[in-house]
Amino acid sequence: MKKWFWVYVAGFIALTGADVVSTIFGIAAGASEFNHTLATSEGGLKIAQFLLVNAAMLLFTSFMLIWAWRNRLRIDTKYISRPERAMFNWIYLNPFSERNVPKSAFHYLALAPGMLFFKTVASFNNSLISFGLPDFLTPVASAIFTFVQGPLAYWTLISLMFLPIWWLSLHVAAAFVRASSKSAEQLPVPLA
């Protein structure tokens, strides 16, 4: 697990760098920052705030990844065999409660790849904008703006992105748990 933890940390840092650079280039190409909390009044990016938010996310997700890995044997097997069952049951107040650990440990294992997938999509989309190519989120955002404005528009877009990424992340986490179980089964058993 130690190797995968550091892969996650390195991936998060690299993708955060790609996100900030592609955002800056996208803004230079004429776009404006869509995240209302990180946008300047001119549509630019509050870089220091962006980095602070991402540092906090990295600390939180890293801690929860370690906690989830340590509790992977307590994950309900129905989530490992059918990860989509964990798709919509992620609202609970205390992930550490005995009742919630069988699902929360799975959710927090899935959060790590989910963050990487999310950052990859954002960086790729920003890169398309910076090269003057048609991106795939601007048309969706424009359609959302016909119904809602401001922060609600932003969170609607994030929710639409979240669902397929979350589905994929749950499947990655389940495959990871299955693979770790198989490798543990293949370890030699010492003779007494």
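The present account deals with the structure reproduced in this document. On a predicted model such as this, the values are computed, not experimentally measured, just so you know.

What counts as what
- Residues numbered from 1 in each chain as written.
- Predicted model: local features only at pLDDT ≥ 70, side-chain atom pairs only at ≥ 80, totals over all residues.
- Heavy atoms only, no water.
- Axes fitted to C-alpha atoms, helices over the stretch in contact; angles between N-to-C directions.
- Helix = DSSP H or I, 4+ residues; strand = E, 2+ residues; numbered from the N terminus.
- Parallel < 35°, antiparallel > 145°, perpendicular 65-115°, else oblique.
- Left-handed = near helix turned anticlockwise from the far one by under 90°.
- Contact = heavy atoms within 4.5 Å.
- Expected span 1.5 Å × (residues − 1).
- Buried < 20%, exposed > 50% of the residue type's maximum accessible area, 1.4 Å probe, protein only.
- Salt bridge = Lys/Arg side-chain N within 4 Å of Asp/Glu carboxyl O.

## Focus: the packing of helix α2 (residues 47–70) against helix α4 (residues 101–130)
Part 1 of the reasoning: Their axes nearest at 9 Å, the elements α2 and α4 cross at an angle of 140°. In terms of orientation, α2 and α4 fall into the oblique class. Here the hand of the crossing between α2 and α4 comes out left-handed. Together, N54, M57, F60, T61, M64, L65, W67, A68 and W69 of α2 and V101, S104, A105, Y108, L109, L111, A112, M115 and K119 of α4 make up the contact between the two elements.

## Remarks on α2
Part 1 of the reasoning: Helix length check: α2, at 24 residues, gives a terminal C-alpha distance of 35 Å against a target of 34 Å (1.5 Å per residue), a fit within 8%.
Part 2 of the reasoning: Of the positions making up α2, those classed as buried are F50, N54, L58, T61, S62, M64, L65, W67, A68 and W69.

## Quick word on the pattern of salt bridges
Part 1 of the reasoning: Inspection of the entire model under this criterion finds two salt bridges.
Part 2 of the reasoning: Linking R82 and E84 is a salt bridge whose minimum nitrogen-to-oxygen distance equals 2.7 Å.
Part 3 of the reasoning: For R82, a relative accessible area of 41% corresponds to the partly exposed category.

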